[in-house]
Amino acid sequence: MSKITFFGTGYVGLVTGTCFADFGNEVICVDSNPVVIDKLNKGEMTIYEPGLEELVSRNVDQKRLSFTTDSEKGVKESDILFIAVGTPPKDNDQADLKYVMQVADTIGKHMNNYKVVVNKSTVPVGTAERVKRRISNNLEEKILFDIVSNPEFLREGAAIKDFQNPDRVVLGVDSESAKNLMSDLYAPVARTQRPIIFTDVKSAELTKYAANAMLATRISLMNEMSHLCEEVGADIKEVAECIGLDSRIGSKFLSAGVGYGGSCFPKDVRALAYMLESHDLNANIVRAVDYVNNRQKKSLVPKLKKHLPSLDGKRIAVWGLTFKPRTDDVRDAPALTVINQLQEEYANVSAYDPEGVEKAKQELMDVDFHSNSYDAVKGASALLVLTEWDEFRNVDLQRVKSLMKQPILYDGRNIFQPGKVRDLGFTYLSVGRE
Ligand code: NAD
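Not measured: the values here are computed from a predicted model. Think of each chain on its own: its residues are numbered from 1, step by step along the sequence as written. Owing to the predicted nature of the model, reporting of local features is limited to residues with pLDDT of at least 70; listing and counting of side-chain atom pairs is limited to 80 or more, with chain, interface and lining totals taken over all residues. Note that the side-chain values use all heavy atoms of the structure and ignore hydrogens as well as water.

Colleague: Just to check I follow, could you spell out the sheet that holds strand β9 (residues 315-319) for this structure?
Modeller: Backbone hydrogen bonds are what pair the strands of a sheet, in a parallel or an antiparallel way. The criterion for strand pairing is that DSSP finds at least two bridges linking the strands in question. Helix numbering and strand numbering both begin at the N terminus, where a helix is a DSSP run of H or I of at least 4 residues and a strand a DSSP run of E of at least 2. Here we have six strands laid out as an open sheet, ordered β11-β10-β9-β12-β13-β14, and parallel in their pairing. The open sheet has two free edges, formed respectively by β11 (367-370) and β14 (427-429), since each of these has just one partner strand. Averaged over all neighbouring strand pairs, the angle between strand axes comes to 20°, with direction disregarded. Summarising the sheet, strand β13 (residues 408-411) and β14 pair through three bridges and their orientation is parallel. Axis definition: a line fitted to C-alpha atoms, over the contacting stretch in the case of helices. Angles run 0 to 180 degrees between N-to-C directions.

Colleague: In this structure, what is going on with the packing of helix α1 (residues 11-22) against helix α3 (residues 52-61)? I would like to understand it.
Modeller: When two helices pack together, their arrangement is given by the angle between the helix axes and the distance between those axes. Taken N-terminus to C-terminus, the directions of α1 and α3 make an angle of 50°; their axes are 9 Å apart at the nearest point. Put simply, α1 runs oblique to α3. The crossing of α1 and α3 is left-handed. Along the contact surface, α1 presents Leu14, Val15, Thr18, Cys19, Ala21 and Asp22, while α3 presents Leu52, Leu55, Val56, Arg58 and Asn59. Our angle categories are set so that under 35 degrees counts as roughly parallel, over 145 as roughly antiparallel, 65 to 115 as roughly perpendicular, and the remainder as oblique. It is the rotation of the near helix from the far one that decides the hand of a crossing: anticlockwise by less than a right angle makes it left-handed, clockwise makes it right-handed. In what follows, a contact means two residues having at least one pair of non-hydrogen atoms within 4.5 Å.

Colleague: Quick question: what am I supposed to make of the packing of aromatic side chains here?
Modeller: To describe a pair of aromatic rings, you give the distance between the ring centres and the angle between the ring planes. Paired rings are identified among Phe, Tyr and Trp, the last through its six-membered ring, by centres lying within 6.5 Å, and are further divided according to the angle between planes into stacked (under 30 degrees), edge-to-face (over 60) and tilted (the rest). Taken as a whole and judged by the stated rule, the model has 10 aromatic pairs. Taking 6.1 Å as the distance between ring centres and 45° as the angle between the ring planes, the aromatic pair formed by Phe253 and Phe265 counts as tilted. Highlighted residues: Phe253 in the loop between α11 (236-244) and α12 (265-278) and Phe265 in helix α12, separated in sequence by 12 residues. Throughout this description, buried means an accessible area under 20% of the type-specific maximum (1.4 Å probe, protein chains only), exposed means over 50%, and partly exposed covers the range between. Accessibility expressed as a relative area gives 13% for Phe265, which makes it buried. Ring centres of Tyr260 and Phe265 lie 5.7 Å apart, and the angle between their planes is 75°; this geometry places the pair in the edge-to-face category. Accessibility assignment for this pair places Tyr260 and Phe265 in one class, buried.

Colleague: Would you explain α1 in this entry?
Modeller: Residues separated by three or four positions in an α-helix point in the same direction, a consequence of the helix having 3.6 residues per turn. One less than the number of residues in a helix, times 1.5 Å, gives the span that helix is expected to have. With 12 residues, α1 should reach 16 Å at 1.5 Å per residue; the first-to-last C-alpha distance of 17 Å fits that figure. Within α1, 10 of the 12 residues are buried, leaving the element largely enclosed by the surrounding structure. Looking one or two residues beyond α1, the residue adopting positive phi is Gly24, at roughly 100°.

Colleague: For this particular structure, what's the right way to read unusual backbone geometry?
Modeller: Trans peptide bonds make up the majority, and among non-glycine residues the majority have a negative phi. At Asp280, a residue that is not glycine, the phi angle is positive and equals roughly 60°. Note on placement: Asp280 falls in the loop between α12 and α13 (284-297). Of note in this structure, Asp366 is not a glycine but carries a positive phi near 55°. Looking at the secondary structure, you find Asp366 in the loop between α16 (357-361) and β11. Look at Asp366 and you get exposed, because its relative accessible area is 70%.

Colleague: It is not clear to me how the domain arrangement of the chain should be interpreted in this structure. Could you clarify?
Modeller: Interfaces are frequently sized by the accessible area removed from exposure as the parts join. The source of the domain bounds is an automatic or database domain assignment. Partitioning the chain into domains gives domain 1 (3-199), domain 2 (208-297) and domain 3 (300-430). Broken down residue by residue, the surface that domain 1 buries against domain 3 is led by Tyr11, Tyr48 and Glu156, which jointly contribute 76%. Salt-bridge detection follows one rule: a side-chain nitrogen of Lys or Arg within 4 Å of a carboxyl oxygen of Asp or Glu. At the surface where domain 1 touches domain 3, the tally comes to one salt bridge. For Arg331, the salt bridge is made with Glu156, and the minimal N-O distance between the two is 3.8 Å. A breakdown of the residues in the side of domain 1 that touches domain 3 according to their chemical character gives four nonpolar, two polar and three charged. Accessible surface is computed with a 1.4 Å probe, and the buried area is the amount of it that two parts give up when combined, taken over both parts together. Note on residue classes: Ala, Val, Leu, Ile, Met, Phe, Trp, Tyr, Cys and Pro are nonpolar, Asp, Glu, Lys and Arg are charged, and everything else, Gly too, is polar.

Colleague: Please explain the site of the ligand as it appears in this structure.
Modeller: In this text, near means that some heavy atom of the residue lies within 4 Å of the molecule or strand in question. In the vicinity of the ligand lie 26 residues, with Val12, Asp31, Thr87, Glu156 and Lys267 positioned nearest. Identification of polar contacts relies on pairs of N or O atoms within 3.5 Å, with a donor-acceptor requirement for protein atoms, meaning one able to donate a hydrogen and the other able to accept it, and with residues adjacent in sequence counted only if both atoms are side-chain atoms. Note that an oxygen atom of the ligand is positioned 3.0 Å from one of the backbone N or O atoms of Tyr11. Between the ligand and Val12 there is a distance of 2.8 Å, counted from an oxygen atom to a backbone nitrogen or oxygen. Considering only residue class, the shell around the ligand consists of nine nonpolar, 11 polar and six charged. Inspection of the shell around the ligand shows a minimum of three residues originating in each of domain 1 (3-199) and domain 2 (208-297).

Colleague: Explanation requested: the pattern of salt bridges in the structure shown.
Modeller: Counted under the stated rule, the structure contains 29 salt bridges. Measuring nitrogen to oxygen at the nearest pair gives 3.9 Å for the salt bridge that ties Asp174 to Lys132. In this pair, Asp174 is assigned in the loop between β7 (169-172) and α8 (176-185) and Lys132 in helix α6 (residues 127-138), connecting sequence segments 42 residues apart. A residue is classified by how much of its surface remains accessible, and Lys132, at 32% relative accessible area, is partly exposed. A network of salt bridges, in which partner residues are shared, links Asp22, Glu54 and Arg58.

Structure (structure tokens):
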């Protein structure tokens, strides 16, 4: 059993902290936002992640998991201190490390014995060294500590499964005692035959950016190909299937759509470009990946206007606000870009999302939010499907059509079969398919 504290109780800290508690460890989750901690202490969830509520409640009941704003307690009572705070982008694309450094100061101020400080936030290469210096500068007496880089690869919507069955765990270490402590901590994961990989600290830090840039590149490449498919009459889904069967390529992250979003890919791709350029290196590929993605997110409305030239005063329905299904996270979601564009054209937007409405309300103005998909399409001149939630896949399209003013369906995630939808009398638009 290890005593662990997580600083930052968001999508990463809450899920991984809870999962470590479920392995029998004693976990304190610290957050500087009292609203987050109050809610969690009342048994309310602050984020939507499938299976999380039950796991939190079980571990709180077993007294293995607690929530507090008291960072001093978080430092003093644990041996392993995880940093899992946000690293948002600055205006120049650089990752903003102010929250990470705040935690480093707190740890240094309250450190009372040997600790391992594990950085789980996505941070540029060299951050571990900076965190080490910040902690040392705050220490009142000489206390030994180690820094580990443990990048997080979880996917929102499947985060618990990803924790329990990760493809790999990457641990950047530079001391034997830290290596031993981390090996013990991750031993339950190792039992699932998943590789635990120890690297040097800088390689671990860079791995996270390299992984996200690779995945984002695949998506942008397919999105670029989708335009050629539309021009020449090819089908991007068939192309994706055929290349995905090549074992050198694999089938994942080949879906063309409305562009990638979320709290990771957009900012991490740009932060990697910044990192390369700040070393006077070329960032041609990652800059292009970002450029293609922004263009993709903005490509829907012009295409819709070919069928609906004026959007002024028209009701346009949007299904799907989150950046992907099975999460409530709308950070950098393509839906936000598309809805802003629709509003610039004076359309009236009505929207539905199974989990994302509350968070979308904080980002969008003048949108009619609905609590079910059918209400959202009433009187609409077009329906845009922007997130591939399962419940949209087998929706009653006949009923949808009967509720709409004009049956235009723009399938931004290619979830419907074009022939079937057109047979129902829809004008059907999708991405990279006729
Ligand atoms: P988040 O915004 O959901 O949560 C961060 C939390 O940290 C917030 O609740 C905030 O109040 C808290 N915080 C800020 N300063 C603090 C401080 N000084 N002390 C204690 N708490 C503090 O962020 P997230 O999505 O969980 O991401 C965290 C990090 O993990 C980021 O670097 C992100 O890039 C990375 N990451 C995220 C994901 C993901 O899917 N969300 C996946 C892998 C990696």
